Protein chains: 2
Amino acid sequence: MRMKRKGILIVVSGFSGAGKGTLMKQLVHVYDNYALSISMTTRSPRPGEVEGREYFFVSRETFEETIAKDGLVEYACYCDNYYGTPKEYVERQLDQGKDVILEIEIQGALKVKEKFPTALLLFVMPPSAGELKKRLVGRGTESIEVIEKRLKRASEEAEGIEKYDYIVINDQLNECVLRMHALIQSAHDTPFRNEEFIENMRKELEAYR
Amino acid sequence: MRMKRKGILIVVSGFSGAGKGTLMKQLVHVYDNYALSISMTTRSPRPGEVEGREYFFVSRETFEETIAKDGLVEYACYCDNYYGTPKEYVERQLDQGKDVILEIEIQGALKVKEKFPTALLLFVMPPSAGELKKRLVGRGTESIEVIEKRLKRASEEAEGIEKYDYIVINDQLNECVLRMHALIQSAHDTPFRNEEFIENMRKELEAYR
């Protein structure tokens with residue numbers, strides 16, 4: 001029989017405004033095999049943010065200790081604050097068979113892939129650039145300057161799409177969640193994510209050589 | 001909007017007795033986006049075989065002409081007869097958006113991948129070697145010698161599994177058909193099978209640079 005399968009580390013990137021957040025929330029809500037990774041940060045909690053839900057809030061000292069003992073899947077420093085992904089939580093979830101989702105931009109995504117070669121990299125895109133702009137404008141929360149900055153950033157990020165395993169085109173939410181689930185589950189069936197199963201099959205077959 | 005998508009060339013290999021034939025027949029029966037490739041051969045039709053259904057039956061001269069004008073996706077020579085995959089039929093189906101399925105052993109599969117880098121290679125396996133033997137014995141049509149030969153062959157073929165994109169574990173037929181369909185459809189979402197869509201997105205986004 002097939003062995004108990006280990007989870008996959010899933011890295012989700014994509015344009016701001018592509019709907020990553022909603023997509024992942026819906027995915028975790030609909031299927032029970034996913035866990036969202038929670039980041040560690042040295043920045044202060046904002047009103048309403050809860051320790052261990054939005055982030056693990058730690059001191060700079062604790063963060064640097066965690067770096068020193070290789071306790072992070074990846075980390076980065078923005079605006080004088082550290083942000084990173086604690087390895088222990090991720091590995092515990094993976095061992096329990098959960099597919100762990102990590103939202104992160106491209107540089108971080110590539111670092112994760114280096115450390116976890118079986119990580120699955122997904123890039124979320126709207127069906128068109130026009131639709132992206134429409135969504136950013138439609139939010140009604142951002143100034144024209146911020147929107148233009150995000151579109152410019154999208155244009156830069158688009159350079160790296162080929163580094164990802166799959167693109168996820170977020171046209172209609174529920175359909176997109178179904179597709180995303182299907183492709184993550186398919187990723188479980190690649191030979192390099194089934195080394196143990198294949199090795200066992202080979203050993204069994206050797207009896208007939 | 002997303003463009004009309006081209007089909008994927010799917011190469012299916014796997015152990016004799018893993019149930020490839022039944023699996024593919026069921027897949028084509030249940031979903032309408034698949035076409036089975038039909039091989040060309042120089043061997044004579046057997047009773048009940050129909051031209052253009054089991055094979056295209058041609059003369060050695062015609063076959064060699066087809067080789068000369070690069071008209072085959074791949075070909076091989078067994079027992080003094082040629083067997084090959086006519087390129088024209090495959091390309092016409094792909095252009096119409098059909099996913100074309102080709103059943104072929106590993107050497108042929110790798111040749112196809114060289115010529116069609118976007119081909120998807122699937123390796124069909126039973127859930128265990130014991131199950132494989134059980135199925136071969138259960139057919140009741142083969143002698144012990146033939147069964148042992150097939151198991152020996154399976155042991156050799158198992159060496160090449162890592163060359164494939166996915167393994168397909170055929171435990172329960174209908175479930176396996178669903179999984180196979182899901183993973184083929186997921187393969188449509190890789191960046192290198194969506195170059196045109198990505199290029200268009202980049203061009204559109206450039207306006208915001």
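Because the structure is a prediction, the values reported are computed rather than measured.

A. Spotlight on the packing of helix H5 (residues 129-139) of chain B against helix H6 (residues 144-157) of chain B. Residues and elements named next belong to chain B. Where H5 meets H6, the axes come as close as 10 Å, and the angle between the chain directions of the two elements is 150°. Comparing their axes, H6 and H5 come out roughly antiparallel. Crossing of H5 against H6: the hand is right-handed. Within the contact between the two elements, H5 uses Leu132, Lys133, Leu136, Val137 and Arg139 and H6 uses Ile147, Arg150, Leu151 and Ala154.

B. Helix H3 (residues 87-95) of chain A, seen in detail. Residue and element names in this part refer to chain A. For H3, the set of buried residues is Lys87, Tyr89, Val90, Gln93 and Leu94. Seen from one end, H3 has its buried residues packed into an arc of 170°, which puts them on one side. In H3, the exposed positions angled more than 90 degrees off the buried face are occupied by Glu88 and Asp95. Looking one or two residues beyond H3, the residue adopting positive phi is Gly97, at roughly 90°.

C. Seen up close, the confidence of the model for chain A. Mean pLDDT over chain A works out to 92, with 98% of the residues at or above the 70 mark. Listed scores for the predicted complex are pTM 0.89 and ipTM 0.88.

D. View of the nonpolar core. Ranked by internal contacts, the top residues of the largest apolar core, which has 106 residues, are Leu9(A), Phe15(A), Leu122(A), Leu9(B), Phe15(B) and Leu122(B). The residues contacting Leu9(B), other than those within four sequence positions of it, are Val73(B), Val90(B), Leu94(B), Val100(B), Leu102(B), Val112(B), Phe116(B), Ala119(B) and Leu120(B).

E. Representation of empty space enclosed by the protein in the model. Taken as a whole and judged by the stated rule, the model has 2 cavities of 30 Å³ or more. In terms of lining, the second largest cavity is formed by Asp189(A), Ile167(B), Val168(B), Ile169(B), Cys176(B), Arg179(B), Met180(B) and Leu183(B). When residues of the lining of the second largest cavity are traced back to their parent elements, those giving at least two are strand E9 (166-169) and helix H7 (173-187) of chain B. Looking at the lining of the second largest cavity, the element that brings in the most residues is H7(B), giving 4 residues. When the residues that make up the lining of the second largest cavity are grouped by side-chain class, the tally is 6 nonpolar, no polar and 2 charged.

F. Looking closely at helix H8 (residues 195-206) of chain B. Relative to the 16 Å expected for 12 residues at 1.5 Å per residue, H8(B) spans 16 Å between its end C-alpha atoms, a close match to the ideal helical length. Taken residue by residue, H8(B) has Phe197(B), Ile198(B), Met201(B), Arg202(B) and Leu205(B) as its buried positions. On an axial view of H8(B), the arc spanned by its buried residues comes to 135°, and they lie on one face. The exposed residues of H8(B) that point more than 90 degrees off its buried face are Glu195(B), Glu196(B), Lys203(B) and Glu206(B). Contacts from the buried residues of H8(B) go to strand E8 (120-125), helix H5 (129-139), helix H6 (144-157) and strand E9 (166-169) of chain A.

G. Highlighting the relation of the copies chain B and chain A. In screw terms, the move from chain B to chain A is a rotation of 180° and a rise of 0.0 Å along the axis, fitting with an RMSD of 0.0 Å. This pairing of chains is accounted for by a two-fold axis. Across chain B, the rotation axis passes nearest the C-alpha of Ala182(B), at a separation of 3.0 Å. Taken together, the interface assignments show that 100% of the residues at the interface of chain B recur at the interface of chain A, consistent with an identical surface on both copies.

Thresholds, definitions, all that
Residues numbered from 1 in each chain as written. Chains lettered and ligands numbered in written order. Predicted model: local features only at pLDDT ≥ 70, side-chain atom pairs only at ≥ 80, totals over all residues. Heavy atoms only, no water. Axes fitted to C-alpha atoms, helices over the stretch in contact; angles between N-to-C directions. Helix = DSSP H or I, 4+ residues; strand = E, 2+ residues; numbered from the N terminus. Parallel < 35°, antiparallel > 145°, perpendicular 65-115°, else oblique. Left-handed = near helix turned anticlockwise from the far one by under 90°. Contact = heavy atoms within 4.5 Å. Buried < 20%, exposed > 50% of the residue type's maximum accessible area, 1.4 Å probe, protein only. Arc of directions from axis to C-beta. pLDDT = per-residue confidence, 0-100. Core = buried A, V, L, I, M, F, W, Y, C linked by side-chain atoms within 4.5 Å. 1 Å grid on protein atoms, 1.4 Å probe; cavity = no way out; pocket = protein on both sides within 12 Å on 5 of 7 lines; lining within 4 Å. Points joined across faces, edges and corners; volume = space filled by probe spheres on them. Nonpolar A, V, L, I, M, F, W, Y, C, P; charged D, E, K, R; others polar. Expected span 1.5 Å × (residues − 1). Least-squares fit on C-alpha atoms with pLDDT ≥ 70 in both.

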